[in-house]
Amino acid sequence: MSILIDKKSKVLIQGITGKEGSRASHEMISYGTNVVAGVTPGKGGQDFEGTPIFDTVQEAVSQKGANVSLVFVPAPFAADAVL
């Protein structure tokens, strides 16, 4: 399976404020990845290193046009996050 992204890809990170999500997000932003939004329910309106955080994926996609999603959520919540 190939994963194809380029400089035009707009990345959304689910779980951006968690331990693994924040570490990975920091590295991606430092590397130059176009991270346009993060999602953590209940933390909408905040930001992570200048990246806006939304409560839902739907809000993030409609406002920022994200077309790639990375999921960094605890295992019990992963299936819901993917759907």
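Structure shown above.
Residues numbered from 1 in each chain as written. Predicted model: local features only at pLDDT ≥ 70, side-chain atom pairs only at ≥ 80, totals over all residues. Heavy atoms only, no water.

### Quick word on the sheet that holds strand β1 (residues 11–14)
Each strand in a sheet pairs with its neighbour through backbone hydrogen bonds, running either in the same direction (parallel) or in the opposite one (antiparallel). An order of β3-β4-β2-β1-β5 is seen for the 5 strands of this open sheet, with the pairing classed as mixed. Here the strands that pair on one side only, and so sit at the sheet edges, are β3 (47–48) and β5 (68–71). In this structure, β1 lies alongside β5, joined through 4 bridges in parallel fashion. Paired with Ile13 across the bridge in β5 is Leu70. (Pairing = 2+ DSSP bridges. Helix = DSSP H or I, 4+ residues; strand = E, 2+ residues; numbered from the N terminus.)

### A look at helix α1 (residues 19–31)
Compared with an ideal rise of 1.5 Å per residue, which puts 13 residues at 18 Å, α1 spans 19 Å between its outermost C-alpha atoms and is within 8% of the ideal. Looking at the buried side of α1, the elements it contacts are β1, β2 (35–39), β3 and β5. Count one or two residues on from α1 and you reach Gly32, which has phi positive near 110°. (Expected span 1.5 Å × (residues − 1). Contact = heavy atoms within 4.5 Å.)

### Looking at the pairing of β2
The element β2 is extensively covered by neighbouring structure, given that 5 of its 5 residues are classed as buried. Judged from the 4 bridges that link them, β1 and β2 form a sheet pairing that is parallel. Pairing of Leu12 across the sheet is with Ala37, part of β2. Between β1 and its parallel partner β2, the chain crosses via α1, and the hand of that crossover is right-handed. Of the pairings in the sheet, the one linking β2 to strand β4 (residues 51–54) comprises 2 bridges and is parallel in character. Residue pairing across strands places Gly38 opposite Ile53, the latter belonging to β4. (Buried < 20%, exposed > 50% of the residue type's maximum accessible area, 1.4 Å probe, protein only. Right-handed = clockwise from strand over helix to strand, strands pointing away.)

### Here's the deal with the environment of Thr17
Its place among the elements puts Thr17 in the loop between β1 and α1. Its relative accessible area of 29% is what places Thr17 among the partly exposed residues. Spatially, the C-alpha atoms of Thr17 and Lys43 are 8.6 Å apart, while their sequence positions differ by 26 residues. In this view, Thr17 contacts Ser22, Thr40, Lys43 and Ile53; residues no more than four positions away in its chain are not counted. Polar contacts involving the side chain of Thr17 include one to the side chain of Thr40, which spans 3.1 Å. (Polar contact = N/O pair within 3.5 Å; in protein donor to acceptor, adjacent residues only side chain to side chain.)

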